[in-house]
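# Chains, contacts and geometry: an overview
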Amino acid sequence: MKTKCTLRLMLVCCLIVFQTVATPANLDSHSLYQLELDLTDQDGTVSGLDVFKGQPVLIAMFYSSCPYACPLTIQTLQKTEAALDPRTRGQLRVLLVSLDSEQDTPDKLAELARHQKVDTARWKLARTDAAGVRKLAAVLGIRFKRLPDGEFNHSTSINLLDRDGVQIMSSGRVGETDPALLEKIKRVSG
Amino acid sequence: MKRLLPLLLLAAGGIGASIPPAAVAAENKSMVVVGPADFASAAPPSETARTAHVARFELDVLPVTNAQFLQFVRQHPEWRRDRVSALFADENYLAHWAAPDTLADAVQARQPVVNLSWFAADAYCAARGARLPRWYEWELTAAADATHPDTRADEQWRQRILNWYSNPSAGPLAAVGKDAPNYYGVRDLHGLIWEWVEDFNSLLVGADNREQGGADKLEFCGAGSLSLEQKENYAVLMRVAMLSSLQARFTTKNLGFRCARDAVETKP
């Protein structure tokens, strides 16, 4: 009986937590977490865009069959992390969302995560559907175009979100760490 | 017919509880089928593929009016101008209305709705079970005059359109339905408003970003290198340039929209 009550209590708590997260009224009106889209990560786990809510997040868009620009984006993210002190790095999360909703399955994302040696304790490589891609690209100001051969042309940026999902900065510096971005990361982590 | 009616109502009810059957019936008459077509676009798909394939789709005959958008806002109050999130619309969103749920006057009711963001237009179409038209769909349909599917080579036609583009904001907007239907039965594609398209942020993303030299150029790889055709078709190029300059939350006083959807395949 006691177990049942506890379970019920837990269920109520879960519901309350869920409602708090699901109510856009609680979010800053600039928060990206107002976007309703489903992410599926490299392990097949489904979440919302707000999966890292409460932590500072670097978010970028890519696609896994991308030969040059996207690996460079991942390497830039890794260099950026490496330039941070351990405490700041420990707070930071990285979310890479694929532009290619057709090809990028969780398996492909997992393979890329292994290949690029990303720390999946703090990183997520994720896919969403075509509508989700369009909306996320729209709020991030990323322009992209699917080419007839299945590749994408796209603008590249690394975007910093604060703990509430508000975009603090967009950096177009790819290939090297952006000092301004490092400064902003430290500030939102403080 | 008596037997058919409940069936029709059932079918309409199945589309979505928030859409009244009458609206669905009216909507059916307000869209026409366009395509399929292979189309030489002013903004070709890639360096090598110069022709865009447009699958069969349905397009609204008319742009969405203020009255129609007001009805949507009443059903979806999160899109009222006093409640809309700053992420989804800038400060001029629906600024021309008298109040968040009131139009200025009866004249405004029949005018195309403007001052609205891509997100708002997208949400309106989604609530109707539709979507925004894609650029190639819009461009294909807008290439027609009253009798020809592709009249872009006609210099007089081009000049007529260009005259409006050079002076689009003079005086109050006309009511929708100002122009006669074109070859496809679609009206007001030129000379009334600019229109959002679903993939506005794919335009002018032409050249290949894999061939960029300096790393700091990468952000601009898409936007900086455009590849446009048909330089004589200046009016269309202006529209491409305008759309590609927008952010999804932007609103302007002559930017509206209409909806589209994939055509239902009819089995033989």
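Residues numbered from 1 in each chain as written. Chains lettered and ligands numbered in written order. Predicted model: local features only at pLDDT ≥ 70, side-chain atom pairs only at ≥ 80, totals over all residues.

When helices and strands are counted, chain A shows six helices and nine strands. Within chain A, contacts between residues at least 6 apart in sequence are counted, and of these 68% link residues at least 24 apart. (Helix = DSSP H or I, 4+ residues; strand = E, 2+ residues; numbered from the N terminus. Contact = placed C-beta atoms within 7 Å.)

On to the overall build of chain B, then. For chain B, the count of helices and strands is nine helices and seven strands. Looking at chain B as a whole, 38% of its 268 residues are labelled buried. Pairs at least 24 apart in sequence give 73% of the contacts found in chain B among residues at least 6 apart. (Buried ≥ 20, exposed ≤ 12 C-beta atoms within 10 Å, placed from the backbone.)

Glancing now at the packing of helix α7 (residues 155-165) of chain B against helix α9 (residues 234-244) of chain B. Between two packed helices, the angle of one axis relative to the other and the distance separating the axes together describe the packing. Residue and element names in this part refer to chain B. In contact at an axis separation of 8 Å, α7 and α9 are set at 40° when each is read in the N-to-C sense. Contact residues: α7 offers Arg 158, Ile 161, Leu 162 and Tyr 165, while α9 offers Tyr 234, Ala 235 and Met 238. Split into classes, the residues belonging to the contact of α7 with α9 amount to six nonpolar, no polar and one charged. (Axes fitted to C-alpha atoms, helices over the stretch in contact; angles between N-to-C directions. Nonpolar A, V, L, I, M, F, W, Y, C, P; charged D, E, K, R; others polar.)

With that settled, consider the nonpolar core. Side chains of nonpolar character tend, in soluble globular proteins, to be buried together. The biggest cluster of nonpolar side chains holds 101 residues, and the ones touching the most others in it are A:Leu58, A:Met61, B:Ala120 and B:Ala121. Contact partners of B:Ala121, with chain neighbours within four places excluded, come to B:Leu116, B:Leu132, B:Trp196 and B:Phe257. (Core = buried A, V, L, I, M, F, W, Y, C linked by C-beta atoms within 7 Å.)

Residues and elements named next belong to chain B. Taken as a whole, α9 has its buried residues at Ala 235, Val 236, Arg 239, Val 240 and Leu 243. One side of α9 carries all its buried residues, which in axial view fall inside an arc of 140°. In this structure, the buried side of α9 is in contact with α6 (135-142), α7 and β5 (194-195). (Arc of directions from axis to C-beta.)

Below, the discussion takes up the confidence of the model for chain A. Where the model shows low pLDDT, its predicted coordinates should not be examined in detail. Residues and elements named next belong to chain A. Averaged over all residues, the pLDDT of chain A equals 87, while 87% of them reach at least 70. Within chain A, helix α1 (residues 2-22) has the poorest average pLDDT of any element, 43, and strand β1 (residues 38-41) the best, 98. Of the regions scoring below 50 in pLDDT, residues 1-23 engages in two contacts with residues more than four places distant in sequence or in other chains. (pLDDT = per-residue confidence, 0-100.)

The next point concerns the sheet that holds β1(A). Residues and elements named next belong to chain A. An order of β2-β1-β5-β4-β3-β8-β9 is seen for the seven strands of this open sheet, with the pairing classed as mixed. Two strands close off the open sheet at either side, each with one partner strand: β2 (46-48) and β9 (167-171). On average, each strand axis in the sheet is inclined to that of its neighbour by 30°, with strand direction left out of account. By the bridge criterion, four bridges tie strand β8 (residues 158-161) to β9 in an arrangement that is antiparallel. (Pairing = 2+ DSSP bridges.)

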